[in-house]
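Close look at the chain arrangement
This is what each chain is made of:
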Amino acid sequence: MNINRRISFGLLTAAVLGLGAGLGPAFPQTPAPLIFAAASLKNALDEIVAQWQRESGKKVVVSYAASNTLIRQIEQGAPADIFISADLDWMDYGQQKGLINGETRSNLLNNRIVLVAPRDATYTLKVAPGFDLASALKGGRLAMGNVDAVPAGKYGKAALEKLGAWDGVKDKIAQADNVRAALALVARGEAPLGIVYQTDAASDPTVKIVGTFPEDSHPPVTYPVALTKASTNPDARAFLNYLRSPAARPAFERQGFTVLGPGSPRS
Amino acid sequence: MDGLLNLSPEEWTAVRLSVRVATVAMLTSLPIGIAVAYVLARCKFPGKTFVDGIVLLPLILPPVVTGYLLLLTFGRRGLVGSFLAEHFGIVFSFRWTGAALACGVMGFPLMVRAIRLSIEAVDRRLEEAAGTLGANPLWVFIFITFPLIAPGIIAGMILCFAKAMGEFGATITFVSNIPGETQTLPSAIYTFTQVPGGEAGALRLTLVSIAISMGALVVSEVMARWVGRKMWTE
């Protein structure tokens, strides 16, 4: 062969070997379990995942988004192993569509919804029946998750309706794709007030809680967790058990979640 | 299939808002675009490459980055935004004007490029001939240069309009997704795709988007040819 052909052949071989070497690590023995978790779980779950990795040496990958977005992705075939929803409705939807392994379902956490404002805001507002939220907004918008789909938005709308404030503010909502996006709108000062979870407010020092919604004004904020039907990963089941074990409790409680008893039946 | 094009009121709102935002973005970018294109095509000055770069930046940056920069500058607490809000009461957050600003900024480089290319293609001798016949520079621009670059300006306008109609990343980062104010067609389609069962709505709006874009292309072709024909038959 002449010199050019030899060089080309050599380069081609090197490229193929390189490709093989690059792809090699992409096929590990067992892939890391994929968790689809509600956006509000970010701080707590990141900590638990790091803990799990330290203790068991195994990796876990988490994708955070609004629960409606996640269940929709699972419906379209996303390879999630575990789904943690911020409300029972979306988990029920998943079970109806045959996406969720009902035997592994249980209620993991409780949370509260609160009214938040930027840290330097000067007003206070008592969240009680008949309270005048519309004038507190002073022409600005109330940041919430999408009130038809995002759990935090749905809880918020239910609470406002119960307290008689919904009609005054329903045209003044800035609907965000998930509760953390709503939090960011308040933190940036774009929205004077917002409805987020108590745990979100605790995680962000640039917002402060102006009022807490009474628990009887909305359906209980319960986070169910389950394996997906399509999951075959043994590490996923192990991680699910870890989430329900006392080892995971401190991380959740530090953020302000109420951890429900392990193995509590789904309501 | 027969119910496919029955848009709900919210969907119609998104369509109307998109067209309005894109039109405003295009029209407000136009004078600035022509001026900037002219300066970049004809003038030499220190820092020209830098200005060229700044103008082209929205084309290369990820749209979300452009949206974030707009937020930092024109948001309620931004450098320019807080000044505008305090002294003039002008707020872009959650308003269609913010969406128009985002779309205008994203479409601006495309408009400038198209106009600049057509300015550079003008035969200077025609302008010089008019000058030797006694015309002042402004007259030369209006009656000689402008008709010659008209097809380029139309192309730039259509490109800017199309980009504005399709703008998503910068808009949603800067002014979020408020139905009636900032929920343009792409944002509305995105919202449909976030909710299980939103396929029908997403598909309807996708078809409308395609129809509007194709319509804009056809109009631009027709106009460009009409202008071209008028010029060469005079």
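Just so we're clear, the structure is a prediction, and the values are computed from it rather than from any experiment.

Here's the deal with the domain arrangement of chain A
Often, the extent of an interface is quoted as the loss of accessible area on bringing the components together. Residue and element names in this part refer to chain A. Here chain A is partitioned into domain 1 (34–110 + 223–259) and domain 2 (113–212). Relative to domain 2, the C-alpha centre of domain 1 lies at a distance of 26 Å. Counting residues at the interface gives 15 residues for domain 1 and 16 residues for domain 2. Among the secondary structure elements, those contributing two or more residues to the side of domain 1 that touches domain 2 are helix H2 (42–56) and helix H3 (67–75). For the side of domain 1 that touches domain 2, the per-class residue count stands at 7 nonpolar, 6 polar and 2 charged.

Some thoughts on the packing of helix H5 (residues 96–120) of chain B against helix H7 (residues 137–166) of chain B
Residues and elements named next belong to chain B. Interhelical geometry of H5 versus H7 gives an angle of 160° and a closest axis separation of 8 Å. Comparing the axis directions of H5 and H7 gives the class roughly antiparallel. Considering how the two elements wind past one another, H5 and H7 form a crossing that is right-handed. When H5 is examined against H7, the residues Cys-103, Gly-104, Met-106, Gly-107, Leu-110, Met-111, Ala-114, Ile-115, Leu-117, Ser-118 and Ile-119 are found in contact with a partner set consisting of Ile-149, Pro-151, Gly-152, Ile-153, Ala-155, Gly-156, Met-157, Leu-159, Cys-160, Lys-163 and Ala-164. Per-class residue counts for the contact of H5 with H7 are 16 nonpolar, 5 polar and 1 charged.

A few points about the sheet that holds strand S9 (residues 207–212) of chain A
Residue and element names in this part refer to chain A. The strand order S7-S6-S8-S5-S9 describes an open sheet built from 5 strands, whose pairing is mixed. What marks the edges here is a single partner per strand, and that holds for strand S7 (173–176) and S9. Neighbour to neighbour, the strand axes of the sheet diverge by 35° on average, direction disregarded. Pairing geometry for strand S5 (residues 113–118) and strand S8 (residues 193–197), over 4 bridges, is antiparallel. Bridge pairing in S8 places Leu-115 opposite Ile-195. This element, helix H6 (residues 151–162), spans S5, strand S6 (142–145), S7 and S8 of the sheet and lies at about 125° to S6. Taken strand by strand, helix H8 (residues 179–187) contacts S5, S6, S7, S8 and S9, and its axis lies near 145° from that of S8.

Structural notes on the sheet that holds strand S11 (residues 258–259) of chain A
Residues and elements named next belong to chain A. Here 6 strands make up an open sheet; going across it, the order is S2-S1-S3-S10-S4-S11 and the pairing mixed. Looking at the sheet topology across the chains shown, the edges are occupied by strand S2 (61–65) and S11. In this structure, strand S3 (residues 82–84) lies alongside strand S10 (residues 221–227), joined through 3 bridges in antiparallel fashion. From the neighbouring strand, Ile-82 faces S10, where its bridge partner is Leu-227.

A look at the confidence of the model for chain A
Across chain A, the average pLDDT comes to 89, with 94% of residues at or above 70. This stretch, residues 263–267 of chain A, has a pLDDT under 50; its non-local contacts, to residues over four places away or in other chains, come to 8 contacts.

Digging into the environment of A:Asn4
Tracing the sequence through the fold places A:Asn4 in helix H1 (residues 3–23). Residues A:Asn4 and A:Leu227, 223 residues apart in the sequence, show an inter-C-alpha distance of 57 Å.

A short note on the interface of chain A and chain B
Each partner contributes to the interface: chain A provides 16 residues, whereas chain B provides 11 residues. Of all the elements in the fold, those that place two or more residues in the side of chain A that touches chain B are H3 and S7 of chain A. Tallying contributions element by element places H3(A) first for the side of chain A that touches chain B, with 5 residues.

Points about the environment of B:Glu181
Residue and element names in this part refer to chain B. Residue placement: Glu-181 occurs in the loop between helix H8 (169–175) and helix H9 (185–194). Along the sequence, Glu-181 and Trp-96 sit 85 residues apart, while their C-alpha atoms lie 4.9 Å from each other. Ignoring any residue separated from it by four or fewer positions in sequence, one finds Glu-181 in contact with Phe-94, Arg-95 and Trp-96.

Let's talk about unusual backbone geometry
For A:Lys138, which is not a glycine, the phi torsion comes out positive at approximately 50°. Relative to the helices and strands, A:Lys138 is located in the loop between helix H5 (133–136) and S6. On the neighbour-count criterion, A:Lys138 (9 C-beta atoms within 10 Å) is exposed. One non-glycine residue, B:Ser176, lies in the positive phi region at around 55°. Mapped onto the elements of the fold, B:Ser176 is located in the loop between H8 and H9. Judged by C-beta crowding, with 27 C-beta atoms within 10 Å, B:Ser176 ranks as buried.

Considerations on the nonpolar core
Counting residues in each nonpolar core, the largest one holds 127 residues, and the members touching the most others are A:Ile82, A:Phe83, A:Ile84, A:Ala152, A:Ala182, A:Val196 and B:Ala102. With 14 residues, the top contributor of residues to this core is H5(B). Both domains that meet at this core, namely domain 1 (34–110 + 223–259) and domain 2 (113–212) of chain A, each give it at least three residues. If we skip the residues at most four places from it in the chain, A:Ile84 touches A:Ile35, A:Ala37, A:Ala38, A:Leu41, A:Leu108, A:Tyr223 and A:Val225.

Parameters at a glance
- Residues numbered from 1 in each chain as written.
- Chains lettered and ligands numbered in written order.
- Predicted model: local features only at pLDDT ≥ 70, side-chain atom pairs only at ≥ 80, totals over all residues.
- Domains from an automatic or database assignment.
- Contact = placed C-beta atoms within 7 Å.
- Helix = DSSP H or I, 4+ residues; strand = E, 2+ residues; numbered from the N terminus.
- Nonpolar A, V, L, I, M, F, W, Y, C, P; charged D, E, K, R; others polar.
- Axes fitted to C-alpha atoms, helices over the stretch in contact; angles between N-to-C directions.
- Parallel < 35°, antiparallel > 145°, perpendicular 65-115°, else oblique.
- Left-handed = near helix turned anticlockwise from the far one by under 90°.
- Pairing = 2+ DSSP bridges.
- pLDDT = per-residue confidence, 0-100.
- Buried ≥ 20, exposed ≤ 12 C-beta atoms within 10 Å, placed from the backbone.
- Core = buried A, V, L, I, M, F, W, Y, C linked by C-beta atoms within 7 Å.

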